[in-house]
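Per-entry structural report
What follows is the residue order along each chain.
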There are 4 protein chains.
Amino acid sequence: MAVTGVLRPGHVVLRVLDMDEAVNHYVNILGLIETGRDAKGRVYLKGWDEHDHHSVVLAKAGKAGMEYMGWRVDSPATLKKMAADVQASGLATEMSWIPAGEHLCTGERFRFTTPTGHVMELFAEKDKVGNGMPNTNPDPWPDGLQGMSPTRFDHCLLYGDDLDGTVKLFTEVLGFSISEKVVAGDGQFMIGAFLTCSNKPHDVAFIRNADRGRLHHCSFILDNWYDVLRAGDIISKRNVSIDIGPTRHGITRGETIYFFDPSGNRNEVYAGGYIHYPDKPTIVWTEDQIGKAIFYHDRKLNEAFLNVYT
Amino acid sequence: MAVTGVLRPGHVVLRVLDMDEAVNHYVNILGLIETGRDAKGRVYLKGWDEHDHHSVVLAKAGKAGMEYMGWRVDSPATLKKMAADVQASGLATEMSWIPAGEHLCTGERFRFTTPTGHVMELFAEKDKVGNGMPNTNPDPWPDGLQGMSPTRFDHCLLYGDDLDGTVKLFTEVLGFSISEKVVAGDGQFMIGAFLTCSNKPHDVAFIRNADRGRLHHCSFILDNWYDVLRAGDIISKRNVSIDIGPTRHGITRGETIYFFDPSGNRNEVYAGGYIHYPDKPTIVWTEDQIGKAIFYHDRKLNEAFLNVYT
Amino acid sequence: MAVTGVLRPGHVVLRVLDMDEAVNHYVNILGLIETGRDAKGRVYLKGWDEHDHHSVVLAKAGKAGMEYMGWRVDSPATLKKMAADVQASGLATEMSWIPAGEHLCTGERFRFTTPTGHVMELFAEKDKVGNGMPNTNPDPWPDGLQGMSPTRFDHCLLYGDDLDGTVKLFTEVLGFSISEKVVAGDGQFMIGAFLTCSNKPHDVAFIRNADRGRLHHCSFILDNWYDVLRAGDIISKRNVSIDIGPTRHGITRGETIYFFDPSGNRNEVYAGGYIHYPDKPTIVWTEDQIGKAIFYHDRKLNEAFLNVYT
Amino acid sequence: MAVTGVLRPGHVVLRVLDMDEAVNHYVNILGLIETGRDAKGRVYLKGWDEHDHHSVVLAKAGKAGMEYMGWRVDSPATLKKMAADVQASGLATEMSWIPAGEHLCTGERFRFTTPTGHVMELFAEKDKVGNGMPNTNPDPWPDGLQGMSPTRFDHCLLYGDDLDGTVKLFTEVLGFSISEKVVAGDGQFMIGAFLTCSNKPHDVAFIRNADRGRLHHCSFILDNWYDVLRAGDIISKRNVSIDIGPTRHGITRGETIYFFDPSGNRNEVYAGGYIHYPDKPTIVWTEDQIGKAIFYHDRKLNEAFLNVYT
């Protein structure tokens, strides 16, 4: 098969302080679809065009942030093989198997912690619930969409200390490519890496930061730049805390707007970006152009954007 | 690696009746970039965001159509392995190795004919010429673009007789998925198959047809629906022969417009479409909904669209 | 005042064969808002961004078509003056005053028939019901919009015989400009006139035709080309009879799609177009370019578009 | 006529510090078209879809700002009448007639100073040079456009002290409507007024400010939100000083981006906005919602935006 191994970001578990407020935000404003609640009180959500049972899980906690992120691999055999590879790599810590069913509608998951302190999982099985339309003669979009109605959970950007270790783990063990990176000093010191396991410009990104295991934002994909405008309108109509945008990223070329959920987790909705292939040269951004790399239009460092994370 | 094997449609060689007219069409109107001419008089072109030396080759001939299509694989080792697999499959005919350099800036190619009569090639090496911007601190698009300025050659739709054999070859030997198919009769008789080796909704498609080895259209990708409008405007401003559009496809959800090059080869420019994964259910279109499948808005069979090909 | 006299198309009364089907079409699919029903069973509708009580009235009848069209003038004084001018012109027939209240929430109307056989009205007063948002600190769009949700009723295109007489009435008596016209033969024989009383490219248009008093289409305005795509999607999702589009008009440059209500009245939703001023030269289309004038992209005469009207 | 009196902003004369830099900015980056230079060294420019000879004049000066703004009226008779009305109003000062030909291709102009200290002109005649396309069978846009290529000069926003006097002059003498206003304190103290003589949401706006006769920005109109994105990209590609955007205004609903010319004059490019009619209620923004009024998405006062002007 041409698309193999790690297929995509399969889920992100977000810690939220107040579940009702969080559900209102993610369902009515962002526009995800609730697909279930479990005995632990976790709420399962998906973007309308995702076929899997869930891609976002909200978990009540005393403090915001990302609990873990899960990656869908192509088969149970790959799951076993990759788990062994991760173990053999010596790059991961706190490894364990989570039994099937611990997440609703999901098979067993192999959990590990990256050198940047992020808990990650690999899994091969999750029930398909469809995208709200039949698989025979479907329309292009379903009725009844709400809010910004992104099609899919797209990626997370994460902050942590041992960036080199995590990049090594994702590229050498999990098969990701570096689509873009930010370098400092003499150009050899990597401070940010944008990693892809697909034709998307990124599936996850990491920024070097003294605090370990942190979430900068989780991102959802929209169809186009008008949807980004509409997202901005909804942010204002619903009094959501905005961070920055609409604007374009230099990195990935994506069209973007950032805002916060009621717990303070940063969300992005995103459109555009190029088609990545593994033989495409890695784009390098130098530290002096970091403003342009992040926010292409105003080319300015924004301290809150860099330093506020959960 | 997560994206492996056959990476993408790497080139299409189009037969054109008059080279000057063809170059005018593909460069000034469609907006590809000329990257070279060879001793046989062939003209090499690429979309602006493609890094490889070329993706379209124009070859003077007495009759329009597609001479062959080439597929970029991830490495010389994969090329050797896939060539052997194709040979072992018993599904391909007229197999041969084309030496490196026969195409400008391109390594050796393994050529074969599919059961539908289409000449296909696999290759692993082509020089990178870049996308008109530096790999360090690039802007999102280069200056000096012309015409419709698609970012990339995207796919071909091909007509031929032994559809089942070709689909078997692409899925079982070359690792493609069937993203969508059209079925007739009792639902078991496949009359069209949309195949992908990537996260794109299709990289090539085949329609069952008595004539072998035919080209319905070759398609180029645009960023958005406004670019499709602009393409329509350019078609009219430059007196290009239009086929149909702007409209949306039911199949792939793509936003599209069709037109003809001066030799009668059909071109498409295309935007939108979903993100495909190999575990996504195949979408099935039944014969009675073929109108909606092809042209979602007017839902009508268009005889010229179905029966005009080169 | 700088915008004076006839301000805008204030209402169109459409004959429909089945009121429930018509209301479903105009409210749930087109996305107008119902504002009232009167003792005669007529249903009053408006686009969401119109402040007046209604702009479309559906009236049950045995035969589709336009019953009449009403024009909002700037004041009761102008209404009196213009009624007198119309009477004095000798160009109108069947003149009468309709008392206030005959339409819900509407003042008295001066009714007359144009030389092309169309019943027109002038009126100065209609209750303001607002656009669903406060006049203090409003958002840019209200919640709860449905269907294509055009902002406003925009114009009608009408067919009739004495085109010269009607154009003379609109330009010399009612103060309209000719923004564009279509001419035949030696260029002196006008077969179509696009008339504006505003900065819009047209507020009404007339095509020369042997049948008198006919409606070709009534049109509603959308914000942009993506809304035209979405309208096309809704047409297909809801099995509405489509006529043609999405495409661009040569005349007005508008981005358009045409479809039919369940009674067979043609509707258009429309975006774009230029800003008109009365000193802008009239654009002239010659008969040989009529295809391009009407449908800019495919530049073809479409017999159904020309010959189907109500 | 239905559109009468003052038709539109006909020209703005901008003071620039370095003419070559200014021409490069307004022609190559903003994308206006140069139509002439006069003996005083002034450079005349127009948006591509304007038919008049010029709408922007660049004049070398020691200090940036707006020298004056000119308004096109519908006829020489109206010019005489309005000049008399302005004189009789007692609201204007420093009145004079500028002879025909002082501006290239322009008739005589009646000049006066508003209570806010802005020099304004009325004129009735300027040569038509067309929009780069024939008036017979035109395409929707011409070839060879550069930069952001706005269609027209749209409006200015001006700062000055006697806001009430200027609003009285524009509404009571020149026939403008107040489309939107910003009020402070008990709601009776107007601090901003958006004035229109057309169906556009504004043709000029004034903000109360201690300094007299100042320019906040001059604005040019684009077709759509994608053009605003492209403008943002061009700003960054060409290292233009950006102010803020892309974003939406609460006032007018317009989609916008702001930047500076090399002399420090603020420019805006703008798309969208509603259709105004003189009977539409004035929208009122209260001081506590001023952030949302100006920048709808982030709803924050931006000191630089408010306090930087020329």
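Our structure's up above, just so we're on the same page.
Residues numbered from 1 in each chain as written. Chains lettered and ligands numbered in written order. Predicted model: local features only at pLDDT ≥ 70, side-chain atom pairs only at ≥ 80, totals over all residues. Heavy atoms only, no water.

1. Overview of helix α4 (residues 225-237) of chain B
An α-helix turns once every 3.6 residues. As a result, residues three or four positions apart point the same way. All names here are of chain B. With 13 residues, α4 extends 18 Å between its outermost C-alpha atoms, agreeing within 8% with the 18 Å of an ideal straight helix rising 1.5 Å per residue. Across the 13 residues of α4, eleven count as buried, placing the element largely inside the fold. Every buried residue of α4 is listed here: W225, Y226, V228, L229, A231, G232, D233, I234, I235, S236 and K237. Between a side-chain oxygen at the N-terminus of α4 and the backbone nitrogen of Y226 the separation is 2.9 Å; the capping residue is N224. In the segment just after α4, N239 is the residue with positive phi, at about 55 degrees. (Helix = DSSP H or I, 4+ residues; strand = E, 2+ residues; numbered from the N terminus. Expected span 1.5 Å × (residues − 1). Buried < 20%, exposed > 50% of the residue type's maximum accessible area, 1.4 Å probe, protein only. Polar contact = N/O pair within 3.5 Å; in protein donor to acceptor, adjacent residues only side chain to side chain.)

2. So, the side chain of H155(A)
All names here are of chain A. The residue H155 is located in strand β9 (residues 152-160) in this model. The exposure class of H155 is buried, given its relative accessible area of 1%. A polar contact of 2.6 Å, which involves the side chain of H155, links it to the side chain of D154. Within the structure, H155 has its side chain in polar contact with the side chain of H202 (distance 3.3 Å). Those residues in contact with H155 that lie beyond four places of it in its chain are H202, D203, V204, H217, C218, S219 and E268. (Contact = heavy atoms within 4.5 Å.)

3. A few points about the relation of the copies chain B and chain C
For these two chain copies, the linking operation is a rotation about an axis paired with a shift along it. Relative to chain C, chain B is turned by 180 degrees and slid 0.0 Å along the rotation axis, the superposed coordinates differing by an RMSD of 0.0 Å. Interpreted geometrically, this transformation is the action of a two-fold axis. Measuring from the rotation axis to each C-alpha of chain B, the shortest distance belongs to P246(B), at 3.0 Å. Here 100% of the contact residues of chain B are again contact residues in chain C; the copies associate through an equivalent surface. (Least-squares fit on C-alpha atoms with pLDDT ≥ 70 in both.)

4. Re unusual backbone geometry
Here the bond from G245(C) into P246(C) is cis, since omega is 0 degrees, no more than 30 degrees from zero. Residue placement: P246(C) occurs in strand β14 (residues 242-248). In this model, T252(A) sits at a positive phi of 75 degrees, which is unusual for a non-glycine residue. On the accessibility criterion, T252(A) (1% relative accessible area) is buried. Although it is not a glycine, R299(C) adopts a positive phi angle of roughly 55 degrees.

5. Points about the pairing of strand β14 (residues 242-248) of chain A
Residue and element names in this part refer to chain A. With seven of its seven residues buried, β14 lies for the most part within the structure. With four bridges joining them, β14 and strand β15 (residues 255-260) adopt antiparallel strand pairing. Bridge pairing in β15 places I242 opposite F259. With antiparallel pairing between neighbouring strands as the criterion, β14 and β15 make up a hairpin whose turn holds six residues, including T252 at a positive phi of roughly 75 degrees. (Pairing = 2+ DSSP bridges.)

6. Focus: the pattern of salt bridges
All names here are of chain D. Taken as a whole and assessed by the stated rule, the structure comprises 100 salt bridges over all chains. The salt bridge involving E172 is made with K168; its shortest N-O contact spans 3.2 Å. Of this pair, E172 and K168 both sit in helix α3 (residues 163-173), four residues apart, which is roughly one turn of that helix. Of the residues examined, E172 reaches a relative accessible area of 59% and is grouped as exposed. K168 sits in the partly exposed class, given a relative accessible area of 38%. With a shortest N-O distance of 3.8 Å, R214 and D211 are connected by a salt bridge. For D211, a relative accessible area of 31% gives the class partly exposed. (Salt bridge = Lys/Arg side-chain N within 4 Å of Asp/Glu carboxyl O.)

7. Re the interface of chain A and chain B
The interface is formed by 47 residues belonging to chain A together with 47 residues belonging to chain B. A buried area of about 4,300 Å², summed over both sides, lies between chain A and chain B, and 55% of it is on carbon and sulfur atoms. Here chain A and chain B share ten salt bridges between them. Counting across the interface, chain A meets chain B through 27 residue pairs in polar contact (both at pLDDT 80 or more). (Buried area = accessible area lost by both parts, 1.4 Å probe.)

8. Remarks on the sheet that holds strand β13 (residues 214-221) of chain C
Residue and element names in this part refer to chain C. Taking strand neighbours across the sheet as the criterion, the nine strands line up as β14-β15-β16-β13-β9-β12-β11-β10-β17 in an open arrangement whose pairing is mixed. Because the sheet does not close on itself, it has two edges, and the strands there are β14 and β17 (283-286). Looking at each pair of strands side by side, their axes are set apart by 15 degrees on average, direction ignored. (Axes fitted to C-alpha atoms, helices over the stretch in contact; angles between N-to-C directions.)

9. Structural notes on the nonpolar core
The biggest cluster of nonpolar side chains holds 276 residues, and the ones touching the most others in it are L58(A), L58(B), L58(C) and L58(D). Core analysis: the second largest hydrophobic core is formed by 18 residues, F194(C), I251(C), Y258(C) and I283(C) among them. (Core = buried A, V, L, I, M, F, W, Y, C linked by side-chain atoms within 4.5 Å.)

10. Some points on the interface of chain B and chain C
Reports of interface size often rely on the accessible area that becomes lost once the parts have come together. Contacts between the two partners involve 24 residues from chain B, matched on the other side by 24 residues from chain C. Summing both partners gives a buried area of about 2,100 Å² for chain B against chain C, and 51% of it is carried by carbon and sulfur. Taken as a group, W225(B), H297(B) and R299(B) account for 30% of the area that chain B buries against chain C, more than any other trio of residues on that side. Among the salt bridges present, the one from R248(B) reaches D233(C), with a minimum N-O distance of 2.6 Å. Where chain B meets chain C, there are 13 residue pairs in polar contact (both at pLDDT 80 or more). Residue assignment for the side of chain B that touches chain C shows that the elements contributing at least two residues are α4 and β14 (242-248) of chain B. Among the elements that line the side of chain B that touches chain C, the one with the most residues is α4(B), at eight residues. Residue composition of the side of chain B that touches chain C, by class: eight nonpolar, seven polar and nine charged. (Nonpolar A, V, L, I, M, F, W, Y, C, P; charged D, E, K, R; others polar.)

11. Things to note about the packing of aromatic side chains
Using the criterion set out here, one finds 52 aromatic pairs over all chains in the structure. When the ring of F170(A) is compared with that of F206(A), the centres are 5.4 Å apart and the planes differ by 50 degrees; the resulting orientation is tilted. With F170(A) in helix α3 (residues 163-173) and F206(A) in strand β12 (residues 204-208), this residue pair connects regions lying 36 residues apart in the sequence. The exposure class of F170(A) is buried, given its relative accessible area of 0%. Taken together, a centroid distance of 6.0 Å and an interplanar angle of 70 degrees make the contact between W71(B) and F170(B) edge-to-face. A residue pair is termed long-range when its members are at least 10 positions apart, and W71(B) in strand β5 (residues 65-73) and F170(B) in helix α3 (residues 163-173) qualify at 99 residues. Each member of the pair, W71(B) together with F170(B), is buried. Feature note: the residues W71(A), F170(A), F176(A) and F206(A) constitute an aromatic cluster, connected by ring pairs. Taking NZ or CZ as reference, K280(B) lies 4.2 Å from the ring centre of Y274(B), over its face. The aromatic ring of Y277(D) is capped on one face by R8(C), whose charged end is 4.6 Å from the ring centroid. (Phe/Tyr/Trp six-rings, centres within 6.5 Å; stacked < 30°, edge-to-face > 60°. Lys NZ or Arg CZ within 6 Å of the ring centre and 35° of its normal.)

12. Quick notes on the sheet that holds strand β11 (residues 189-196) of chain B
All names here are of chain B. Pairing is mixed in the open sheet, where nine strands are placed in the order β14-β15-β16-β13-β9-β12-β11-β10-β17. Of all strands in the sheet, those with a lone pairing partner are β14 and β17 (283-286), marking the two edges. If you compare each strand with its neighbour and ignore which way they point, the axes differ by 15 degrees on average. Pairing of strand β10 (residues 177-184) with β11 involves seven bridges; the strand directions are antiparallel. Among the inter-strand pairings, V182 is bridged to a residue of β11, identified as G192.

13. Considering the environment of D154(D)
Residue and element names in this part refer to chain D. Within the fold, D154 resides in strand β9 (residues 152-160). A relative accessible area of 2% means that D154 is categorised as buried. The spatial distance from the C-alpha of D154 to the C-alpha of G10 is 9.2 Å, given a sequence separation of 144 residues. Ignoring anything within four residues of it in the chain, the contact list for D154 reads P9, K200, H202, D203, S219, F220, I221 and Y270.

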